[in-house]
Amino acid sequence: MAEAEPQPFHGAALAVITVSLALATFMNVLDTTITNVAVPTIAGDLAVSPNQGTWVITAFVVATAIAVPLTGWLAQRFGEVRLFVVCTALFTLLSWLCGLSGSFPMLLFLRVLQGAVAGPMIPLSQSLLLNNYPPEKRGLALAIWGMTTVVAPVLGPILGGWITDNYSWPWIFYINIPVGIVSVAITWLMLRHRETPRVQRPIDVVGLVLLIVWVAALQIMLDNGNDMGWFGSSYIVNLAVTATVALVLFLIWEWYEEHPVIDLTLFRNRNFNVAAVAITLGFGTYFGGIVIFPLWLQTQMGYTATWAGIAAAPVGLLAIVFSPIVGRNLHRVDLRAFVTVSFLVFAVCSFWLGSFNTQVTLGNLIEPRVWLGIGVATFFIPLTAMSLSGLTPDRIASASGLANFLRTLGASFGTSLSVTLWDRRATLHDAHLTDHFTTANPVAAHVYAQLQGAGMTSVQAAEVLSRSVSQQAFMLATNDFFWLSGWIFLILLGLVWFARPPFTPKGRAPAAAAE
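Residues numbered from 1 in each chain as written. Predicted model: local features only at pLDDT ≥ 70, side-chain atom pairs only at ≥ 80, totals over all residues. Heavy atoms only, no water.

A. Representation of the overall build of the protein chain. Counting its regular elements, the protein chain contains 23 helices and zero strands. Considering the protein chain as a whole, with its 515 residues, one finds that 52% of them fall into the buried category. The long-range share in the protein chain, meaning contacts at least 24 apart out of those at least 6 apart in sequence, stands at 84%. (Helix = DSSP H or I, 4+ residues; strand = E, 2+ residues; numbered from the N terminus. Buried < 20%, exposed > 50% of the residue type's maximum accessible area, 1.4 Å probe, protein only. Contact = heavy atoms within 4.5 Å.)

B. Quick peek at the packing of aromatic side chains. Summed over all chains, the structure comprises 21 aromatic pairs. Both rings, one in Trp162 and one in Tyr167, keep their centres 5.4 Å apart while their planes meet at 65 degrees; by these two values the pair is edge-to-face. On the accessibility criterion, Tyr167 (54% relative accessible area) is exposed. When the centroid spacing of 5.1 Å and the interplanar angle of 70 degrees are considered together, the rings of Phe481 and Phe482 count as edge-to-face. Overall, Phe482 belongs to the buried group, its relative accessible area being 4%. Within the aromatic cluster, the residues linked to one another by ring pairs are Phe283, Tyr286, Phe287, Phe343, Phe346, Phe379, Phe380 and Phe489. Positioned above the aromatic ring of Phe293 is the side chain of Arg369, whose terminal nitrogen or guanidinium carbon lies 4.5 Å from the ring centre. Here Arg407 stacks its cationic end above the ring of Phe283, 5.7 Å away from the centre of that ring. (Phe/Tyr/Trp six-rings, centres within 6.5 Å; stacked < 30°, edge-to-face > 60°. Lys NZ or Arg CZ within 6 Å of the ring centre and 35° of its normal.)

C. How the structure looks around helix H18 (residues 362-377). Over its 16 residues, H18 extends 24 Å from the first C-alpha to the last, a length consistent with the 22 Å expected when each residue adds 1.5 Å. Looking only at H18, the buried set comprises Leu365, Pro368, Arg369, Leu372, Gly373, Ile374, Gly375, Val376 and Ala377. Where H18 is buried, its residues meet helix H14 (270-300), helix H15 (305-312), helix H16 (317-328), helix H17 (335-353) and helix H19 (380-388). (Expected span 1.5 Å × (residues − 1).)

D. How the structure looks around the confidence of the model for the protein chain. Averaged over the protein chain, the pLDDT score is 82; the fraction of residues at 70 or greater is 87%. The weakest mean pLDDT in the protein chain belongs to helix H23 (residues 510-513) at 39; the strongest belongs to H17 at 94. Across residues 508-515, where pLDDT falls below 50, the model places nine contacts with residues more than four positions away in sequence or in other chains. (pLDDT = per-residue confidence, 0-100.)

E. Up close: the nonpolar core. Ranked by internal contacts, the top residues of the largest apolar core, which has 143 residues, are Leu211, Phe293, Trp296, Leu297, Phe343 and Phe405. When residues in this core are grouped by element, the largest group, 16 residues, is from H14. Ignoring sequence-local partners within four residues, the contact set of Phe293 consists of Ala311, Ala312, Leu353, Leu365, Arg369 and Phe482. (Core = buried A, V, L, I, M, F, W, Y, C linked by side-chain atoms within 4.5 Å.)

F. Layout of the environment of Ile66. Within the secondary structure, Ile66 is located in helix H4 (residues 55-67). For the pair formed by Ile66 and Val261, sequence separation is 195 residues and the distance between their alpha carbons is 9.9 Å. The residues touching Ile66, leaving out its near neighbours within four places in the chain, are Leu211, Ile212, Val215 and Phe405.

G. Fine view of the pattern of salt bridges. In total, this model carries three salt bridges according to the counting rule given. Arg336 is the partner of Asp334 in a salt bridge, and the nearest nitrogen-oxygen pair spans 2.8 Å. Since its relative accessible area comes to 28%, Asp334 is described here as partly exposed. Judged by relative accessible area, Arg336 falls into the buried class, the value being 11%. In this structure, Arg425 engages Asp480 in a salt bridge whose closest nitrogen and oxygen atoms are separated by 2.9 Å. (Salt bridge = Lys/Arg side-chain N within 4 Å of Asp/Glu carboxyl O.)

Structural data, given as C-alpha coordinates:
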(Lines give C-alpha, C1' and ligand atoms only; values in the text may rest on other atoms or scores of the structure.)
Protein backbone atom coordinates (compact mmCIF):
# COMPACT_ATOMS: atom_id res chain seq x y z
CA MET A 1 0.00 0.00 0.00
CA ALA A 2 1.29 3.46 -0.90
CA GLU A 3 2.27 5.65 2.05
CA ALA A 4 -0.30 8.33 2.83
CA GLU A 5 0.75 11.83 1.84
CA PRO A 6 1.44 14.02 4.93
CA GLN A 7 -1.34 16.44 5.74
CA PRO A 8 -0.68 20.20 5.97
CA PHE A 9 0.10 21.68 9.37
CA HIS A 10 -2.48 23.73 11.24
CA GLY A 11 -2.59 25.99 14.27
CA ALA A 12 0.48 26.22 16.52
CA ALA A 13 2.44 23.64 14.50
CA LEU A 14 1.96 25.70 11.35
CA ALA A 15 3.17 28.84 13.16
CA VAL A 16 6.26 27.06 14.53
CA ILE A 17 7.40 25.60 11.20
CA THR A 18 6.76 28.97 9.53
CA VAL A 19 9.01 30.73 12.04
CA SER A 20 11.69 28.06 11.66
CA LEU A 21 11.86 28.31 7.86
CA ALA A 22 11.56 32.10 7.95
CA LEU A 23 14.51 32.32 10.36
CA ALA A 24 16.75 30.46 7.92
CA THR A 25 15.66 32.70 5.03
CA PHE A 26 16.11 35.79 7.19
CA MET A 27 19.62 34.72 8.22
CA ASN A 28 20.57 34.02 4.60
CA VAL A 29 19.33 37.33 3.19
CA LEU A 30 20.68 39.25 6.19
CA ASP A 31 24.18 37.94 5.45
CA THR A 32 24.07 39.64 2.05
CA THR A 33 23.50 43.12 3.49
CA ILE A 34 24.89 43.05 7.03
CA THR A 35 28.47 42.98 5.71
CA ASN A 36 28.01 46.12 3.58
CA VAL A 37 28.53 48.64 6.37
CA ALA A 38 31.30 46.54 7.96
CA VAL A 39 33.47 46.46 4.81
CA PRO A 40 35.74 49.39 5.76
CA THR A 41 36.32 47.93 9.24
CA ILE A 42 36.99 44.42 7.93
CA ALA A 43 39.34 45.84 5.30
CA GLY A 44 41.23 47.85 7.92
CA ASP A 45 41.57 44.94 10.35
CA LEU A 46 42.73 42.51 7.67
CA ALA A 47 45.09 45.00 5.96
CA VAL A 48 43.41 45.42 2.57
CA SER A 49 41.87 48.42 0.80
CA PRO A 50 38.14 49.18 1.16
CA ASN A 51 37.70 48.29 -2.53
CA GLN A 52 39.25 44.88 -1.91
CA GLY A 53 37.08 44.59 1.19
CA THR A 54 33.99 44.44 -1.02
CA TRP A 55 35.18 41.01 -2.19
CA VAL A 56 33.64 39.54 0.99
CA ILE A 57 30.30 40.49 -0.58
CA THR A 58 31.00 39.38 -4.15
CA ALA A 59 32.60 36.07 -3.08
CA PHE A 60 29.44 35.14 -1.20
CA VAL A 61 27.06 36.27 -3.94
CA VAL A 62 28.96 34.55 -6.79
CA ALA A 63 29.07 31.24 -4.92
CA THR A 64 25.37 31.55 -4.17
CA ALA A 65 24.60 32.23 -7.83
CA ILE A 66 26.49 29.13 -8.97
CA ALA A 67 24.81 26.93 -6.35
CA VAL A 68 21.23 28.01 -7.12
CA PRO A 69 20.89 26.07 -10.43
CA LEU A 70 22.00 22.90 -8.62
CA THR A 71 19.16 23.11 -6.10
CA GLY A 72 16.72 21.02 -8.14
CA TRP A 73 19.16 18.18 -8.78
CA LEU A 74 20.40 18.14 -5.18
CA ALA A 75 16.84 18.17 -3.81
CA GLN A 76 15.86 15.20 -5.97
CA ARG A 77 19.02 13.33 -5.07
CA PHE A 78 18.97 13.84 -1.28
CA GLY A 79 15.43 15.09 -0.49
CA GLU A 80 14.34 18.65 0.20
CA VAL A 81 14.18 18.36 4.00
CA ARG A 82 17.57 16.70 4.36
CA LEU A 83 19.22 19.13 1.92
CA PHE A 84 17.71 22.19 3.64
CA VAL A 85 18.78 21.05 7.11
CA VAL A 86 22.32 20.18 6.00
CA CYS A 87 22.77 23.48 4.11
CA THR A 88 21.44 25.51 7.07
CA ALA A 89 23.70 23.62 9.50
CA LEU A 90 26.76 24.17 7.28
CA PHE A 91 25.83 27.82 6.81
CA THR A 92 25.77 28.21 10.61
CA LEU A 93 29.12 26.43 11.04
CA LEU A 94 30.74 28.53 8.32
CA SER A 95 29.39 31.71 9.94
CA TRP A 96 31.31 30.76 13.08
CA LEU A 97 34.46 30.05 11.07
CA CYS A 98 34.16 33.36 9.17
CA GLY A 99 34.19 35.17 12.50
CA LEU A 100 37.36 33.33 13.48
CA SER A 101 39.19 34.25 10.25
CA GLY A 102 42.57 35.82 10.91
CA SER A 103 43.41 36.72 7.32
CA PHE A 104 41.61 38.13 4.32
CA PRO A 105 42.29 35.12 2.02
CA MET A 106 40.88 32.79 4.68
CA LEU A 107 37.76 34.93 5.07
CA LEU A 108 37.23 34.98 1.29
CA PHE A 109 37.60 31.19 1.08
CA LEU A 110 35.06 30.66 3.86
CA ARG A 111 32.66 33.17 2.29
CA VAL A 112 32.79 31.17 -0.96
CA LEU A 113 31.89 28.00 0.94
CA GLN A 114 29.17 29.85 2.85
CA GLY A 115 27.68 31.17 -0.38
CA ALA A 116 27.72 27.69 -1.91
CA VAL A 117 25.60 26.21 0.90
CA ALA A 118 23.42 29.35 0.98
CA GLY A 119 22.32 28.87 -2.64
CA PRO A 120 19.74 26.10 -2.05
CA MET A 121 18.40 27.53 1.24
CA ILE A 122 16.05 30.21 -0.10
CA PRO A 123 14.29 28.19 -2.86
CA LEU A 124 14.02 25.19 -0.51
CA SER A 125 12.54 27.25 2.31
CA GLN A 126 9.86 28.50 -0.08
CA SER A 127 9.14 25.00 -1.36
CA LEU A 128 8.93 23.44 2.12
CA LEU A 129 6.69 26.23 3.33
CA LEU A 130 4.24 25.80 0.46
CA ASN A 131 4.25 22.00 0.73
CA ASN A 132 3.23 22.10 4.39
CA TYR A 133 0.60 24.86 4.22
CA PRO A 134 -3.10 24.20 3.53
CA PRO A 135 -3.85 25.04 -0.12
CA GLU A 136 -6.21 27.86 0.87
CA LYS A 137 -3.44 29.55 2.89
CA ARG A 138 -0.57 29.31 0.42
CA GLY A 139 -1.02 32.96 -0.53
CA LEU A 140 -0.39 33.80 3.13
CA ALA A 141 2.67 31.53 3.12
CA LEU A 142 4.16 33.39 0.17
CA ALA A 143 3.43 36.74 1.83
CA ILE A 144 5.17 35.66 5.05
CA TRP A 145 8.10 34.23 3.11
CA GLY A 146 8.36 37.42 1.07
CA MET A 147 8.31 39.61 4.17
CA THR A 148 11.43 37.96 5.56
CA THR A 149 13.34 38.78 2.37
CA VAL A 150 12.22 42.43 2.70
CA VAL A 151 12.77 42.91 6.44
CA ALA A 152 16.30 41.44 6.44
CA PRO A 153 17.78 44.15 4.14
CA VAL A 154 16.21 46.78 6.42
CA LEU A 155 17.78 45.43 9.60
CA GLY A 156 21.05 44.33 7.97
CA PRO A 157 22.75 47.74 7.68
CA ILE A 158 21.60 48.91 11.13
CA LEU A 159 22.51 45.66 12.87
CA GLY A 160 25.82 45.38 11.03
CA GLY A 161 26.74 48.97 11.87
CA TRP A 162 25.78 48.68 15.53
CA ILE A 163 27.66 45.40 16.00
CA THR A 164 30.77 46.72 14.23
CA ASP A 165 30.88 49.90 16.30
CA ASN A 166 30.03 48.39 19.69
CA TYR A 167 31.62 44.95 19.49
CA SER A 168 33.74 43.76 16.55
CA TRP A 169 33.06 42.71 12.97
CA PRO A 170 33.26 38.92 13.65
CA TRP A 171 29.99 39.24 15.58
CA ILE A 172 28.11 39.99 12.35
CA PHE A 173 28.78 36.32 11.61
CA TYR A 174 28.46 34.95 15.14
CA ILE A 175 24.86 36.17 15.47
CA ASN A 176 23.89 33.54 12.88
CA ILE A 177 24.84 30.70 15.21
CA PRO A 178 21.81 30.67 17.57
CA VAL A 179 19.44 31.43 14.68
CA GLY A 180 20.82 28.56 12.63
CA ILE A 181 20.74 26.08 15.51
CA VAL A 182 17.08 26.86 16.27
CA SER A 183 16.08 26.60 12.60
CA VAL A 184 17.91 23.30 12.07
CA ALA A 185 16.51 21.72 15.24
CA ILE A 186 12.87 22.70 14.65
CA THR A 187 12.88 21.92 10.92
CA TRP A 188 14.39 18.46 11.42
CA LEU A 189 12.08 17.57 14.33
CA MET A 190 8.95 18.62 12.45
CA LEU A 191 9.75 17.64 8.87
CA ARG A 192 12.06 14.62 9.04
CA HIS A 193 9.09 12.29 8.43
CA ARG A 194 7.86 14.47 5.54
CA GLU A 195 10.84 14.00 3.24
CA THR A 196 10.20 14.48 -0.47
CA PRO A 197 10.72 11.51 -2.85
CA ARG A 198 14.31 10.95 -3.93
CA VAL A 199 15.15 10.36 -7.58
CA GLN A 200 18.46 9.35 -9.13
CA ARG A 201 19.05 11.76 -12.01
CA PRO A 202 22.27 12.41 -13.93
CA ILE A 203 24.09 15.67 -13.32
CA ASP A 204 25.60 17.76 -16.06
CA VAL A 205 29.21 17.71 -14.80
CA VAL A 206 30.67 19.36 -17.91
CA GLY A 207 28.11 22.16 -17.82
CA LEU A 208 28.70 22.71 -14.10
CA VAL A 209 32.48 22.93 -14.51
CA LEU A 210 32.16 25.37 -17.43
CA LEU A 211 29.68 27.45 -15.40
CA ILE A 212 32.09 27.68 -12.46
CA VAL A 213 35.03 28.54 -14.72
CA TRP A 214 33.40 31.38 -16.67
CA VAL A 215 31.63 32.95 -13.69
CA ALA A 216 34.71 32.73 -11.44
CA ALA A 217 37.09 34.03 -14.12
CA LEU A 218 34.82 36.95 -14.97
CA GLN A 219 34.29 37.84 -11.30
CA ILE A 220 38.02 37.72 -10.49
CA MET A 221 38.68 39.88 -13.54
CA LEU A 222 36.12 42.47 -12.41
CA ASP A 223 37.38 42.48 -8.83
CA ASN A 224 41.07 42.89 -9.78
CA GLY A 225 40.85 44.81 -13.04
CA ASN A 226 40.96 48.30 -11.55
CA ASP A 227 43.95 47.57 -9.29
CA MET A 228 45.93 45.87 -12.08
CA GLY A 229 45.35 48.36 -14.89
CA TRP A 230 42.72 46.30 -16.70
CA PHE A 231 43.86 45.05 -20.10
CA GLY A 232 47.35 46.41 -19.62
CA SER A 233 47.85 43.38 -17.38
CA SER A 234 48.43 39.95 -18.92
CA TYR A 235 46.72 38.40 -15.88
CA ILE A 236 43.48 40.30 -16.61
CA VAL A 237 43.74 39.49 -20.33
CA ASN A 238 44.10 35.78 -19.55
CA LEU A 239 41.08 35.90 -17.25
CA ALA A 240 39.03 37.66 -19.94
CA VAL A 241 39.99 35.05 -22.54
CA THR A 242 39.23 32.21 -20.12
CA ALA A 243 35.83 33.66 -19.21
CA THR A 244 34.90 34.22 -22.87
CA VAL A 245 35.95 30.76 -24.07
CA ALA A 246 34.31 29.00 -21.11
CA LEU A 247 31.08 30.99 -21.61
CA VAL A 248 30.88 30.15 -25.33
CA LEU A 249 31.54 26.46 -24.65
CA PHE A 250 28.99 26.52 -21.82
CA LEU A 251 26.26 27.97 -24.05
CA ILE A 252 26.92 25.43 -26.79
CA TRP A 253 27.05 22.50 -24.38
CA GLU A 254 23.92 23.49 -22.43
CA TRP A 255 21.88 23.97 -25.59
CA TYR A 256 22.33 20.33 -26.62
CA GLU A 257 22.67 18.66 -23.20
CA GLU A 258 19.72 16.41 -22.26
CA HIS A 259 19.92 17.30 -18.53
CA PRO A 260 21.44 20.82 -18.50
CA VAL A 261 22.45 22.73 -15.38
CA ILE A 262 20.63 25.72 -16.89
CA ASP A 263 17.78 25.31 -19.38
CA LEU A 264 18.71 27.81 -22.10
CA THR A 265 15.57 27.03 -24.10
CA LEU A 266 13.73 29.29 -21.63
CA PHE A 267 15.14 32.21 -23.57
CA ARG A 268 12.79 31.31 -26.42
CA ASN A 269 10.04 32.82 -24.26
CA ARG A 270 9.64 36.54 -24.89
CA ASN A 271 8.39 37.44 -21.42
CA PHE A 272 11.16 35.47 -19.73
CA ASN A 273 13.75 37.35 -21.82
CA VAL A 274 12.35 40.74 -20.86
CA ALA A 275 12.09 39.81 -17.18
CA ALA A 276 15.57 38.24 -17.14
CA VAL A 277 17.24 41.37 -18.57
CA ALA A 278 15.25 43.64 -16.24
CA ILE A 279 16.06 41.54 -13.17
CA THR A 280 19.78 41.21 -13.99
CA LEU A 281 20.50 44.82 -14.94
CA GLY A 282 17.96 46.36 -12.57
CA PHE A 283 19.05 44.46 -9.48
CA GLY A 284 22.74 44.77 -10.41
CA THR A 285 22.42 48.56 -10.61
CA TYR A 286 20.33 48.76 -7.44
CA PHE A 287 22.70 46.50 -5.48
CA GLY A 288 25.70 48.51 -6.64
CA GLY A 289 24.10 51.52 -4.98
CA ILE A 290 23.54 49.52 -1.79
CA VAL A 291 27.31 48.87 -1.64
CA ILE A 292 28.54 52.31 -2.73
CA PHE A 293 26.26 54.30 -0.38
CA PRO A 294 27.62 53.12 3.03
CA LEU A 295 31.17 52.86 1.63
CA TRP A 296 31.06 56.54 0.67
CA LEU A 297 29.55 57.61 3.99
CA GLN A 298 32.18 55.83 6.07
CA THR A 299 35.33 56.45 4.03
CA GLN A 300 34.62 60.05 2.96
CA MET A 301 31.88 61.60 5.09
CA GLY A 302 33.03 60.54 8.55
CA TYR A 303 30.02 58.35 9.38
CA THR A 304 30.40 55.47 11.78
CA ALA A 305 29.17 52.05 10.69
CA THR A 306 26.08 52.50 12.87
CA TRP A 307 25.06 55.81 11.35
CA ALA A 308 25.83 54.59 7.84
CA GLY A 309 23.48 51.69 8.55
CA ILE A 310 20.78 54.05 9.82
CA ALA A 311 21.10 56.13 6.66
CA ALA A 312 20.88 53.06 4.41
CA ALA A 313 18.16 51.07 6.18
CA PRO A 314 15.00 53.15 5.43
CA VAL A 315 14.86 51.65 1.92
CA GLY A 316 12.87 48.76 3.39
CA LEU A 317 10.22 50.71 5.30
CA LEU A 318 7.76 51.31 2.45
CA ALA A 319 8.79 48.01 0.87
CA ILE A 320 7.35 46.23 3.92
CA VAL A 321 4.10 48.17 3.58
CA PHE A 322 3.61 47.84 -0.18
CA SER A 323 4.88 44.29 -0.87
CA PRO A 324 1.70 42.56 0.42
CA ILE A 325 -0.45 45.03 -1.52
CA VAL A 326 1.43 44.29 -4.74
CA GLY A 327 1.19 40.55 -4.12
CA ARG A 328 -2.58 40.65 -3.66
CA ASN A 329 -3.12 42.64 -6.85
CA LEU A 330 -0.86 40.86 -9.33
CA HIS A 331 -3.88 39.48 -11.21
CA ARG A 332 -5.69 42.85 -11.22
CA VAL A 333 -2.94 45.16 -12.47
CA ASP A 334 -0.80 44.88 -15.61
CA LEU A 335 2.62 43.68 -14.41
CA ARG A 336 4.29 46.11 -16.80
CA ALA A 337 2.60 48.96 -14.94
CA PHE A 338 3.97 47.74 -11.60
CA VAL A 339 7.51 47.44 -12.99
CA THR A 340 7.22 50.84 -14.67
CA VAL A 341 6.45 52.36 -11.28
CA SER A 342 9.46 50.52 -9.85
CA PHE A 343 11.95 51.77 -12.43
CA LEU A 344 10.48 55.29 -12.35
CA VAL A 345 10.91 55.44 -8.56
CA PHE A 346 14.42 53.97 -8.84
CA ALA A 347 15.33 56.57 -11.48
CA VAL A 348 13.93 59.57 -9.61
CA CYS A 349 15.59 58.53 -6.35
CA SER A 350 18.89 57.89 -8.13
CA PHE A 351 18.87 61.37 -9.64
CA TRP A 352 17.93 62.70 -6.20
CA LEU A 353 20.86 60.91 -4.55
CA GLY A 354 23.10 62.16 -7.35
CA SER A 355 22.32 65.82 -6.56
CA PHE A 356 23.93 65.96 -3.10
CA ASN A 357 27.06 67.83 -2.02
CA THR A 358 29.44 67.39 0.89
CA GLN A 359 27.17 69.44 3.16
CA VAL A 360 24.36 66.88 2.92
CA THR A 361 22.65 66.04 6.23
CA LEU A 362 21.45 62.69 7.56
CA GLY A 363 17.85 63.79 6.97
CA ASN A 364 18.64 64.61 3.33
CA LEU A 365 20.15 61.14 2.88
CA ILE A 366 17.27 59.28 4.48
CA GLU A 367 14.45 60.90 2.50
CA PRO A 368 15.16 59.37 -0.96
CA ARG A 369 16.03 56.04 0.70
CA VAL A 370 12.52 55.91 2.18
CA TRP A 371 10.86 56.41 -1.21
CA LEU A 372 13.11 53.78 -2.78
CA GLY A 373 11.05 51.24 -0.84
CA ILE A 374 8.15 51.66 -3.29
CA GLY A 375 10.51 50.72 -6.11
CA VAL A 376 11.67 47.62 -4.25
CA ALA A 377 8.08 46.48 -3.58
CA THR A 378 7.09 46.80 -7.24
CA PHE A 379 10.28 45.25 -8.62
CA PHE A 380 10.81 41.70 -7.35
CA ILE A 381 7.29 40.26 -7.18
CA PRO A 382 5.97 41.50 -10.59
CA LEU A 383 9.17 40.61 -12.47
CA THR A 384 9.22 37.14 -10.93
CA ALA A 385 5.62 36.60 -12.04
CA MET A 386 6.47 37.94 -15.51
CA SER A 387 9.42 35.54 -15.84
CA LEU A 388 7.10 32.57 -15.23
CA SER A 389 4.28 33.70 -17.52
CA GLY A 390 3.44 31.48 -20.47
CA LEU A 391 5.41 28.53 -19.10
CA THR A 392 4.03 25.07 -18.49
CA PRO A 393 4.08 23.80 -14.86
CA ASP A 394 6.99 21.43 -15.50
CA ARG A 395 9.22 24.38 -16.48
CA ILE A 396 8.37 26.68 -13.56
CA ALA A 397 11.13 25.34 -11.28
CA SER A 398 13.80 25.72 -13.98
CA ALA A 399 12.67 29.24 -14.82
CA SER A 400 12.62 30.26 -11.16
CA GLY A 401 16.11 28.85 -10.63
CA LEU A 402 17.51 30.61 -13.71
CA ALA A 403 15.89 33.93 -12.70
CA ASN A 404 17.44 33.65 -9.23
CA PHE A 405 20.80 32.78 -10.77
CA LEU A 406 20.69 35.89 -12.96
CA ARG A 407 19.57 38.07 -10.05
CA THR A 408 22.46 37.01 -7.82
CA LEU A 409 24.91 37.20 -10.70
CA GLY A 410 23.69 40.72 -11.43
CA ALA A 411 24.29 41.68 -7.79
CA SER A 412 27.82 40.31 -7.84
CA PHE A 413 28.87 41.86 -11.14
CA GLY A 414 27.03 45.06 -10.23
CA THR A 415 29.05 45.38 -7.03
CA SER A 416 32.41 44.95 -8.77
CA LEU A 417 31.61 47.26 -11.68
CA SER A 418 30.09 49.93 -9.41
CA VAL A 419 33.07 50.04 -7.05
CA THR A 420 35.47 50.17 -10.03
CA LEU A 421 33.50 52.98 -11.69
CA TRP A 422 33.27 54.90 -8.42
CA ASP A 423 37.00 54.62 -7.76
CA ARG A 424 38.03 55.56 -11.31
CA ARG A 425 35.71 58.57 -11.42
CA ALA A 426 37.05 59.72 -8.03
CA THR A 427 40.62 59.49 -9.34
CA LEU A 428 39.65 61.48 -12.44
CA HIS A 429 37.88 64.19 -10.41
CA ASP A 430 40.76 64.33 -7.92
CA ALA A 431 43.26 64.96 -10.71
CA HIS A 432 41.03 67.61 -12.26
CA LEU A 433 40.45 69.41 -8.95
CA THR A 434 44.12 69.22 -7.97
CA ASP A 435 45.13 70.87 -11.26
CA HIS A 436 42.93 73.85 -10.42
CA PHE A 437 43.23 73.91 -6.64
CA THR A 438 46.84 75.10 -6.36
CA THR A 439 48.40 78.11 -4.65
CA ALA A 440 48.22 79.87 -8.01
CA ASN A 441 44.44 79.82 -7.61
CA PRO A 442 43.31 82.87 -5.54
CA VAL A 443 40.64 80.86 -3.71
CA ALA A 444 43.05 78.07 -2.85
CA ALA A 445 45.73 80.58 -1.79
CA HIS A 446 43.21 82.34 0.48
CA VAL A 447 42.15 79.05 2.15
CA TYR A 448 45.81 78.05 2.50
CA ALA A 449 46.63 81.36 4.19
CA GLN A 450 43.65 81.00 6.54
CA LEU A 451 44.79 77.55 7.63
CA GLN A 452 48.31 78.81 8.32
CA GLY A 453 46.83 81.76 10.17
CA ALA A 454 44.98 79.28 12.39
CA GLY A 455 48.33 77.87 13.51
CA MET A 456 48.91 75.08 11.02
CA THR A 457 52.25 74.44 9.43
CA SER A 458 52.54 74.50 5.66
CA VAL A 459 52.58 70.70 5.60
CA GLN A 460 49.47 70.45 7.80
CA ALA A 461 47.65 73.03 5.67
CA ALA A 462 48.53 71.11 2.51
CA GLU A 463 47.22 67.87 4.05
CA VAL A 464 43.92 69.52 4.97
CA LEU A 465 43.52 70.84 1.45
CA SER A 466 44.38 67.43 0.01
CA ARG A 467 41.73 65.72 2.17
CA SER A 468 39.19 68.33 1.14
CA VAL A 469 39.94 67.76 -2.54
CA SER A 470 39.69 63.97 -2.08
CA GLN A 471 36.35 64.27 -0.28
CA GLN A 472 34.97 66.47 -3.04
CA ALA A 473 36.29 64.08 -5.71
CA PHE A 474 34.50 61.10 -4.14
CA MET A 475 31.36 63.21 -3.75
CA LEU A 476 31.40 63.94 -7.49
CA ALA A 477 32.12 60.27 -8.23
CA THR A 478 29.13 59.25 -6.09
CA ASN A 479 26.96 61.71 -7.99
CA ASP A 480 28.21 60.27 -11.29
CA PHE A 481 27.33 56.75 -10.19
CA PHE A 482 23.77 57.63 -9.17
CA TRP A 483 23.15 59.67 -12.31
CA LEU A 484 24.28 56.75 -14.46
CA SER A 485 22.03 54.46 -12.40
CA GLY A 486 19.08 56.76 -13.03
CA TRP A 487 19.53 56.60 -16.80
CA ILE A 488 19.87 52.80 -16.72
CA PHE A 489 16.56 52.54 -14.84
CA LEU A 490 14.84 54.80 -17.39
CA ILE A 491 16.07 52.62 -20.25
CA LEU A 492 14.83 49.48 -18.47
CA LEU A 493 11.48 51.20 -17.94
CA GLY A 494 10.96 51.19 -21.70
CA LEU A 495 12.20 47.61 -22.03
CA VAL A 496 9.47 46.04 -19.87
CA TRP A 497 6.78 47.10 -22.35
CA PHE A 498 8.17 44.60 -24.85
CA ALA A 499 6.62 41.88 -22.67
CA ARG A 500 3.16 40.71 -23.71
CA PRO A 501 0.18 39.60 -21.59
CA PRO A 502 -1.28 37.33 -20.34
CA PHE A 503 1.14 37.08 -17.42
CA THR A 504 0.04 33.73 -15.98
CA PRO A 505 1.64 30.28 -16.42
CA LYS A 506 -0.04 28.03 -18.97
CA GLY A 507 -2.92 26.02 -17.62
CA ARG A 508 -3.47 28.30 -14.67
CA ALA A 509 -6.31 30.74 -14.25
CA PRO A 510 -5.51 34.35 -13.32
CA ALA A 511 -7.18 34.01 -9.95
CA ALA A 512 -5.06 31.03 -9.06
CA ALA A 513 -1.94 32.77 -10.19
CA ALA A 514 -2.52 35.48 -7.66
CA GLU A 515 -2.91 33.04 -4.85
